[in-house]
Amino acid sequence: MRIGVLTSGGDSPGMNAAIRAVVRAALSNGDKVFGVSDGYRGLVEGRFKEFTRSDVSEILNRGGTILGTARLPEFKYEAVRQLAVKQLQKNDIEALICIGGDGTYAGALALHHMGIKTIGIPGTIDNDIASSDYTIGFSTALNTACDAIDKLKDTSSSHQRCSIIEVMGRHCGDLALYSGLCTGAEYIFTNETGLDKEKLLKDLKENRLAGRRHAIVVISENMTDVYQLAKEVEDYSGYECRATVLGYVQRGGTPTPEDRLLAARLGGFAVDLLKQGVSGVCVGVIDNELRSTPIEEALNMKNIPSEELHNLVQKLK
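Treat the numbers as computed from the prediction; the structure is a model and nothing was measured. (Residues numbered from 1 in each chain as written. Predicted model: local features only at pLDDT ≥ 70, side-chain atom pairs only at ≥ 80, totals over all residues. Heavy atoms only, no water.)

### Quick word on the domain arrangement of the chain
- Considered domain by domain, the chain is made up of domain 1 (2-137 + 255-300) and domain 2 (138-251).
- Spacing between the C-alpha centres of domain 1 and domain 2 amounts to 34 Å.
- The interface is formed by 18 residues belonging to domain 1 together with 13 residues belonging to domain 2.
- Here domain 1 packs against domain 2, burying approximately 1,200 Å² in sum over the two surfaces, 52% of which is carbon and sulfur.
- When the buried surface of domain 1 facing domain 2 is broken down by residue, I125, D126 and N127 rank first, second and third, together holding 42% of it.
- Put simply, domain 1 and domain 2 have zero salt bridges between them.
- The interface formed by domain 1 and domain 2 includes nine residue pairs in polar contact (both at pLDDT 80 or more).
- Residue composition of the side of domain 1 that touches domain 2, grouped by class: five nonpolar, seven polar and six charged. (Domains from an automatic or database assignment. Contact = heavy atoms within 4.5 Å. Buried area = accessible area lost by both parts, 1.4 Å probe. Salt bridge = Lys/Arg side-chain N within 4 Å of Asp/Glu carboxyl O. Polar contact = N/O pair within 3.5 Å; in protein donor to acceptor, adjacent residues only side chain to side chain. Nonpolar A, V, L, I, M, F, W, Y, C, P; charged D, E, K, R; others polar.)

### Thoughts on the environment of P255
- If you trace the backbone, P255 turns up in the loop between β9 (240-245) and α9 (257-275).
- With relative accessibility at 2%, the residue P255 sits in the buried group.
- When the C-alpha atoms of P255 and G63 are compared, they prove to be 6.1 Å apart, with 192 residues separating the residues in sequence. (Helix = DSSP H or I, 4+ residues; strand = E, 2+ residues; numbered from the N terminus. Buried < 20%, exposed > 50% of the residue type's maximum accessible area, 1.4 Å probe, protein only.)

### A closer look at the packing of helix α7 (residues 197-209) against helix α8 (residues 226-237)
- Between α7 and α8, the least distance of the axes is 9 Å, while the angle of their chain directions is 45 degrees. It follows from the interaxial angle that α7 and α8 lie oblique. The interaxial crossing formed by α7 with α8 has right-handed handedness. Between α7 and α8, the contacting residues are K197, L200, L201, K202, L204, K205 and R208 on the first element and L229, E232, V233, Y236 and S237 on the second.
- In terms of residue class, the contact of α7 with α8 is made up of six nonpolar, one polar and five charged. (Axes fitted to C-alpha atoms, helices over the stretch in contact; angles between N-to-C directions. Parallel < 35°, antiparallel > 145°, perpendicular 65-115°, else oblique. Left-handed = near helix turned anticlockwise from the far one by under 90°.)

### Remarks on the sheet that holds strand β7 (residues 187-189)
- Taken in spatial order, the four strands line up as β7-β8-β6-β9 in an open sheet, and their pairing is parallel. Every interior strand has two partners, whereas the edge strands, β7 and β9, have only one. Looking at each pair of strands side by side, their axes are set apart by 15 degrees on average, direction ignored.
- Here β7 pairs with strand β8 (residues 215-220) via three bridges, running parallel. Bridging across to β8, Y187 finds its partner in V217.
- This element, α7, spans β6 (161-167), β7 and β8 of the sheet and lies at about 165 degrees to β7. (Pairing = 2+ DSSP bridges.)

### Focus on the UniProt feature "binding site: ADP" (unreviewed entry) in the chain
- UniProt's feature table lists "binding site: ADP" (unreviewed entry) at R20, A21, V22, V23, R24, K153, G184, A185 and E186, given in the numbering used throughout. With a sequence span of 167 residues, these residues are also far apart in the fold, their greatest C-alpha distance being 45.4 Å.
- Ignoring anything within four residues of it in the chain, the contact list for V22 reads V5, V33, I97, I121, G267 and V271.
- Relative to the helices and strands, E186 is located in the loop between α6 (174-183) and β7.
- Note on E186: relative accessible area 8%, which makes it buried.
- In contact with E186, other than residues within four places in its own chain, are R212, H214, A215, I216 and K317. (UniProt positions renumbered as here; feature names shortened; annotations may be inferred.)

### Quick look at α6
- A large share of α6 lies buried, amounting to eight of its 10 residues.
- Among the residues making up α6, those that are buried are D174, L175, A176, L177, Y178, S179, G180 and T183.

### Section: the side chain of D31
- Following the sequence through the fold, D31 ends up in the loop between α1 (15-28) and β2 (32-36).
- At a separation of 3.2 Å, a polar atom in the side chain of D31 contacts the side chain of K275.
- Sequence-distant contacts of D31, defined by excluding residues within four places in its chain, comprise M1, I3, A26 and K275.

Now the structure itself:
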């Protein structure tokens, strides 16, 4: 087979490990692999490069993606996708492995319906692909967030301060939930839990009066203006308060062993499915077992917040 591989949407640590796994697994089968530069944009423009084993050497521990990534909103139009199909046909590429999030999956599904064999691999730090327990990049982003929150906790305690930390995950609160639990945050707010500002202000004031030296608030992005919230907390509670937005630092860095292993397993599994003639599915891990799910079904699946972890937040508060 002649297999294309691309990364699309937001980058995530471990994408390179997935590219490496796809390339080496395919080459071991006697197939040829072509890297597509800059996601669907490069696909439409026909920017392909045939990969050898050496092309993916020394990338296992690198963050980002050697293929590059770009967003192409115009890919939703059939005329634009037809250009991509023509480029694939022109280069005799029979199948495409797409690494990314739900937008990437939507593009892969559309190509599947146009007769191109496609497989999706979940690469996003938000962990917002419900067809897999974990996505490539989540573990690394979680480690980055925890490291930052631990450091902010040190200085918050020293200065008797409240720290409000915004983490990524606008559609899925896993980064906030997991990082808050792992760092002992007193308050964790996600889109699933909502934000009761009045109760937060009241609780923080009571904590301050009770002599608690600091407070850590972890919140998912796009829920509120954290700088304005910090000002309100300071005015009302008696705590000096600072807001920190971790931002894109969460996307970078050396992937953790967990992300490297997940990427290797999913990359190899994707190649195996293509060899079996499977198309229009995405791969994932459920209860530590490799699974495939029709992309259309995966896109309609909702992330279900962990009731156990949310209950634990209240017990350990």
